[in-house]
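Tertiary structure, described
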Amino acid sequence: MEKNRRKEIEKRRTFAIISHPDAGKTTLTEKFLLYGGAINLAGSVKGKATARHAVSDWMEIEKERGISVTSSVLQFNYQGYCINILDTPGHQDFSEDTYRTLMAADSAVMVIDGSKGVEAQTRKLFKVCVMRHIPIFTFINKMDRDANDTFDLLDEIEKELGIATCPVNWPIGSGKNFKGVYDRNRKKIMTFADTLKGTKEGVEKDINVDDPALAEEIGEDYKAALLEEIELLDGASAEFDMELVSKGELSPVFFGSALTNFGVETFLQHFLQMTSAPLPRKSDLGEIDPCSEDFSAFVFKIQANMNKAHRDRIAFMRICSGKFEGGMEVTHIQGGKKIRLSQPQQMMAQERKIIEEAYAGDIIGVFDPGIFSIGDTITNSGTKFAFEGIPTFAPEHFARVRQMDTMKRKQFVKGITQIAQEGAIQIFQEYHTGMEEIIVGVVGELQFDVLKYRLKNEYNVEIRLEKLPYEHIRWIENKEIDMEKLTGTSDMKKIQDLKGNPLLLFVNAWSVGMTLDRNEGLALSEFGRN
Ligand code: G4P
């Protein structure tokens, strides 16, 4: 029994894919699934208007706008590994869910468009990976299109994201002149063959760097340039150090083309070797061993009304230790109650299926009768413990909520509180004035529409949102600070969260710095704690 459990857990790899929209995250995921045999035709994961919606067709907004607001989880087997991919919404109106998904992953794959370099959304998501010190692997995509200079791309990642890079392979040319990649470890060149968008099997050749046939294959000029670059690279780039990779301080970099399926399998194989099985997670009783006998998990996402007919809520949990079995009785630590997890399900490409068992590293979605909150711990252990909470991520858009029909105050408060509890929005109040004035903060602006829509459809309450100019929110780290005496800039606003914790809102980043300067000892944070 124990041996089997350990074996199952050790073959798990759970990672998130992050990228700016259009960098090729979906295409790369499709190719991964193809290798795992989870789908037999690349292209059936997405199809912007169709397949993805089968997974998360829970809200009209998604249909209307043709985007996926929610994240999904995909599981497949490949070469003895059981892989869980946590997909994150690709639209720029992404929400806190995107950030939270990273809390459930053990590592991250960062997809970068070779012609664009580091883009806004990558930067944001990257911050969370760094905060968690999880390994980050970089896949520089679209090499079949004209790409930026390779050294410049690496430089940009190092400077913009503050992480050292170590290219595992090196591209030879790009766009029409993309010849392939040089594998630094094997000292071989893998030549690129256009697979016509992955529809045709390409013949990739493996050529030694000192093989005279190389010049013939890629051309004399490209060979000369490559040799020069290799020399430069060996002298300049960070040495590969597995320990730094596992702490998230060094990112192994791969080049390829997801669309033509070039470099994808090599990447997957290296990635699987370089990442670890689920690692122990911190709790208030110390670290919890993933292979321990007791089952434990934490809630990282709550999704409401996935099924319109039933108005259900699904709580997504990351299993941190042991084995989950259908119908098992567990303790919900924060609720202080024993419960049975009902209708446990797992996302599998386009389908949801009821599962009977799952192991540490896996993600399960369970029916939530309205008892779970983000960060809650569930376990069947006799000893009570709680996993470290999930940070609250800084909203970037704020609006004052006006209720159209003041008679419906009760429904309004209930609705907005429940939606906030699910973590779709954050609610604040004016400092010291209570519930009268409510300020909503969201990570992506689309959440405002989601809020309006849901209040109207689920709680029959109409609201008007007055956008506020603030873009930066800071939690006050040192509780001893006297809020009354705090002097900020004229654009600063003092607010509080529902627990009464004081926070500050600013219109621009400059004001944050100014306020720090003006108040000695003040410590501000971009992440809140719940
Ligand atoms: P995302 O999930 O990160 O948003 O990106 P997605 O995979 O949807 O890719 C965005 C666009 O880039 C798609 O084209 C896709 O076909 C293309 N693409 C992805 N990888 C590569 C690559 O390696 N090389 C080239 N040349 N293109 C690539 P689209 O026309 O916007 O979408 P679609 O209608 O083809 O799905």
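Fair warning: this is a prediction, and the values are worked out from it, not measured in the lab. (Residues numbered from 1 in each chain as written. Predicted model: local features only at pLDDT ≥ 70, side-chain atom pairs only at ≥ 80, totals over all residues.)

Per the secondary structure count, the chain includes 14 helices and 33 strands. In the chain, buried positions account for 45% of the 530 residues. Sequence separation of at least 24 residues holds for 68% of the intrachain contacts in the chain that already meet a minimum separation of 6. (Helix = DSSP H or I, 4+ residues; strand = E, 2+ residues; numbered from the N terminus. Buried ≥ 20, exposed ≤ 12 C-beta atoms within 10 Å, placed from the backbone. Contact = placed C-beta atoms within 7 Å.)

On to the site of the ligand, then. Contacts to the ligand come from 16 residues, most closely from Gly24, Lys25, Thr26, Thr27 and Leu259. It is helix H2 (residues 25-36) that contributes the most residues to the shell around the ligand, three residues altogether. Taken together, the residues of the shell around the ligand break down into four nonpolar, seven polar and five charged. (Near = placed C-beta within 6 Å. Nonpolar A, V, L, I, M, F, W, Y, C, P; charged D, E, K, R; others polar.)

Let's shift gears to the sheet that holds strand E29 (residues 472-476). Overall, antiparallel pairing links the eight strands, which are arranged E28-E25-E27-E26-E30-E31-E29-E32 in an open sheet. The open sheet terminates on both sides in strands that have one partner only, identified here as strand E28 (463-468) and strand E32 (524-525). The strands touched by helix H13 (residues 446-459) are strand E25 (397-403), strand E27 (438-442) and E28; relative to E28, the strand with the most contacts, the crossing angle is about 165°. (Pairing = 2+ DSSP bridges. Axes fitted to C-alpha atoms, helices over the stretch in contact; angles between N-to-C directions.)

Quick look at the sheet that holds strand E7 (residues 169-172) now. Read from one edge of the open sheet, four strands run E7-E8-E9-E10, paired in antiparallel fashion. With one partner strand each, in any of the chains shown, E7 and strand E10 (206-208) form the two edges of the open sheet. Shown here is a sheet whose adjacent strand axes are inclined to one another by a mean of 30°, direction ignored. The sheet contact formed by E7 and strand E8 (residues 180-183) spans four bridges and is antiparallel. Each bridged residue has a counterpart across the sheet, and for Trp170 the counterpart in E8 is Tyr182.

With that settled, consider the packing of H2 against helix H11 (residues 264-274). As a packed pair, H2 and H11 sit with axes 10 Å apart at the nearest point and diverge in direction by 75°. By the criterion of interaxial angle, the relationship of H2 to H11 is roughly perpendicular. Counting all contacts with H2, which are made through Leu28, Lys31, Phe32 and Tyr35, the residues of H11 involved are Val264, Glu265 and Leu268. Residues of the contact of H2 with H11, tallied by class, amount to five nonpolar, no polar and two charged. (Parallel < 35°, antiparallel > 145°, perpendicular 65-115°, else oblique.)

Attention now goes to the pairing of strand E4 (residues 107-113). For E4, a buried count of seven out of seven residues is recorded, marking the element as mostly surrounded by other parts of the structure. Here E4 shows no split at all, with Ser107, Val109, Val111 and Asp113 on one side and Ala108, Met110 and Ile112 on the other all buried. Of the pairings in the sheet, the one linking E4 to strand E5 (residues 136-141) comprises six bridges and is parallel in character. Considered in E5, the bridge of Val111 is made with Phe139. Taken together, E4, helix H6 (residues 120-132) and E5 constitute a β-α-β crossover, and its handedness is right-handed. (Right-handed = clockwise from strand over helix to strand, strands pointing away.)

So, on to unusual backbone geometry. Unusually for a residue other than glycine, Lys187 sits at a positive phi of about 55°. Unusually for a residue other than glycine, Asn261 sits at a positive phi of about 65°. Here Asn261 is to be found in the loop between strand E11 (250-255) and H11.

So, about the pairing of strand E26 (residues 426-430). As paired strands, E26 and E27 are joined by four bridges and run antiparallel to one another. Within E27, the position partnered with Ile427 by the bridge is Val440. In this structure, E26 lies alongside strand E30 (residues 493-497), joined through three bridges in antiparallel fashion. In the strand pairing of E30, Gln429 is matched with Gln496.

Another aspect to go through is the environment of Cys166. Here Cys166 lies in strand E6 (residues 164-167). Setting aside residues no more than four positions away along its own chain, Cys166 makes contact with Ser237, Ala238, Phe240, Leu250, Pro252 and Val253.

Here the focus is the domain arrangement of the chain. Its domain assignment divides the chain into domain 1 (8-274), domain 2 (281-379) and domain 3 (391-529). Of the residues lining the interface, eight residues belong to domain 1; the matching set on domain 3 comes to 12 residues. When residues of the side of domain 1 that touches domain 3 are assigned to their parent elements, the largest contribution, three residues, is made by helix H5 (residues 96-103). Classifying every residue of the side of domain 1 that touches domain 3 gives four nonpolar, one polar and three charged. (Domains from an automatic or database assignment.)

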